[in-house]
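Structural features, examined
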Amino acid sequence: MIERSIETRSVVVEREIPFPPEKIWRALTQPHLMEEWLMKNDFKPVVGHRFNLRGDWGGVLDCEVLTIEPNKTLAYTWNFAHDDAALNLQSVVTFTLTPTDAGTRLRMEQSGFRPDQRQAFGGANAGWQQFFAKLEQVVARTD
Amino acid sequence: MRNAHAVLFRTLADPTRRAIFERLCRDGEQTVGALTVRAKVSQPAVSKHLGVLKQAGLVRDRHEGRQTHYSAQVGALAPLIDWTSRMTGFWESRFDDLENLLKRMDQ
């Protein structure tokens, strides 16, 4: 599901997961578990804590914890600094956990893209290597 | 939409094919011969890669005398340009890994 507005954009991914919120919360907030499904990190569940997410492709994201409501809501900034303005990314990622009969509805919303980021790859020489390194990871997972 | 993504991903996942496409993006129109000199693979192999790229809409060919000239069609990357669809794919696959992790975790 993709939601759009004129100034900012958001991506929403929602999934029903057959585990209780407490268990999912651990996977979302304990660094060694976060590394297993997301990226290497130095996260701490403290509002205002600044940390990095390090992707396998060499990219480093600058993050800051914005919201911590144990077992309910987790939000942090998700910023990527790049020389090429079109590749700069300033966004906020918010996870929301809602208990259901079968487990938990996990919702991830990433918002704050600027319109010019649509053209991130319009230039032929803009970050090709990085782009395709990520692409390969996606391919490896979708097969 | 998902299909268009899959075709582009698969086409560009091959390093040799990607190198050919990048050269066309960087240096403009080229003949098969010129591409072969730099590609470190045989001319038939280059032709085959160009065929796959053409099928995906990533290159266009133009015949001139005995030569065929190829050029990149960067517009074909449009489905991948939109951050929102790319990030959606990213999070879907992260959620897959998260679910796998949860199955392995202790209560």
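Residues numbered from 1 in each chain as written. Chains lettered and ligands numbered in written order. Predicted model: local features only at pLDDT ≥ 70, side-chain atom pairs only at ≥ 80, totals over all residues.

1. Regarding the overall build of chain B
Looking only at helices and strands, chain B has six helices and three strands in total. Traced from its N-terminal end to its C-terminal end, chain B shows the element sequence α-α-β-α-α-β-β-α-α. Considering only residue pairs separated by 6 or more positions, chain B has 50% of its internal contacts joining residues 24 or more positions apart. (Helix = DSSP H or I, 4+ residues; strand = E, 2+ residues; numbered from the N terminus. Contact = placed C-beta atoms within 7 Å.)

2. Quick look at the environment of Ala27(A)
Along the chain, Ala27(A) turns up in helix 1 (residues 21-29). A residue is classified by how many C-beta atoms lie within 10 Å of it, and Ala27(A), with 21 of them, is buried. For the pair formed by Ala27(A) and Leu38(A), sequence separation is 11 residues and the distance between their alpha carbons is 9.7 Å. Ignoring anything within four residues of it in the chain, the contact list for Ala27(A) reads Leu33(A), Trp37(A), Leu98(B), Leu101(B), Leu102(B) and Met105(B). (Buried ≥ 20, exposed ≤ 12 C-beta atoms within 10 Å, placed from the backbone.)

3. Examining the pairing of strand 6 (residues 73-80) of chain A
All names here are of chain A. Bridge count between strand 5 (residues 60-69) and strand 6: five bridges; the pairing is antiparallel. Bridged to Ile-68 within strand 6 is Leu-74. The antiparallel hairpin formed by strand 5 and strand 6 contains three residues in its connecting segment, where Asn-71 sits at a positive phi of about 70°. Inspection of the sheet shows strand 6 paired to strand 7 (residues 89-99) by eight bridges, in the antiparallel sense. What sits directly across from Asn-79, in strand 7, is Gln-90. (Pairing = 2+ DSSP bridges.)

4. Structural notes on the sheet that holds strand 2 (residues 59-64) of chain B
All names here are of chain B. With antiparallel pairing, three strands are arranged side by side in an open sheet as 1-3-2. Two strands close off the open sheet at either side, each with one partner strand: strand 1 (30-31) and strand 2. Across two bridges, the pairing between strand 1 and strand 3 (residues 67-72) is antiparallel. When the sheet's bridge partners are listed, Thr-31 is paired in strand 3 with His-69.

5. Some thoughts on the confidence of the model for chain B
In low-pLDDT segments, the atomic positions of the prediction should not be examined closely. Averaged over chain B, the pLDDT score is 85; the fraction of residues at 70 or greater is 86%. No element of chain B has a lower mean pLDDT than helix 5 (residues 78-81) of chain B, at 63, and none a higher one than helix 4 (residues 43-55) of chain B, at 95. (pLDDT = per-residue confidence, 0-100.)

6. A word on the environment of Phe19(A)
When you line up the elements, Phe19(A) lands in the loop between strand 2 (9-17) and helix 1. Considered as a pair, Phe19(A) and Gly103(A) are 84 residues apart in the sequence and their alpha carbons are 4.7 Å apart.

7. As for the packing of helix 3 (residues 32-39) of chain B against helix 4 of chain B
All names here are of chain B. Two elements in contact, helix 3 and helix 4, have axes whose closest approach is 9 Å; the angle formed by their N-to-C orientations is 110°. With respect to their mutual orientation, helix 3 and helix 4 come out roughly perpendicular. Crossing hand, helix 3 versus helix 4: right-handed. The residues of helix 4 that touch helix 3, namely those facing Val-32, Leu-35, Thr-36 and Ala-39, are Gln-43, Val-46, Ser-47 and Leu-50. For the contact of helix 3 with helix 4, the class distribution of residues is five nonpolar, three polar and no charged. (Axes fitted to C-alpha atoms, helices over the stretch in contact; angles between N-to-C directions. Parallel < 35°, antiparallel > 145°, perpendicular 65-115°, else oblique. Left-handed = near helix turned anticlockwise from the far one by under 90°. Nonpolar A, V, L, I, M, F, W, Y, C, P; charged D, E, K, R; others polar.)

8. What about the packing of helix 2 (residues 15-27) of chain B against helix 4 of chain B?
All names here are of chain B. Where helix 2 contacts helix 4, the axes come no closer than 10 Å and their chain directions differ by 75°. The angle between helix 2 and helix 4 places the two elements in the roughly perpendicular class. Of helix 4, the residues touching helix 2 (which contributes Thr-16, Arg-17, Ile-20 and Phe-21) are Val-46, His-49, Leu-50, Val-52 and Leu-53.

9. Topic: the nonpolar core
With 23 residues, the main nonpolar core has Ile24(A) and Leu28(A) as its most contacted residues. Breaking this core down by element, the ones donating at least two residues are strand 2, helix 1, strand 5, strand 6, strand 7 and strand 8 (104-113) of chain A together with helix 6 (83-104) of chain B. In contact with Ile24(A), other than residues within four places in its own chain, are Ile17(A), Phe19(A), Leu97(A), Thr104(A), Leu106(A) and Leu102(B). One finds Leu8(B), Ile20(B), Leu35(B) and Leu58(B) within the second-largest nonpolar core, a separate group that totals 14 residues. (Core = buried A, V, L, I, M, F, W, Y, C linked by C-beta atoms within 7 Å.)

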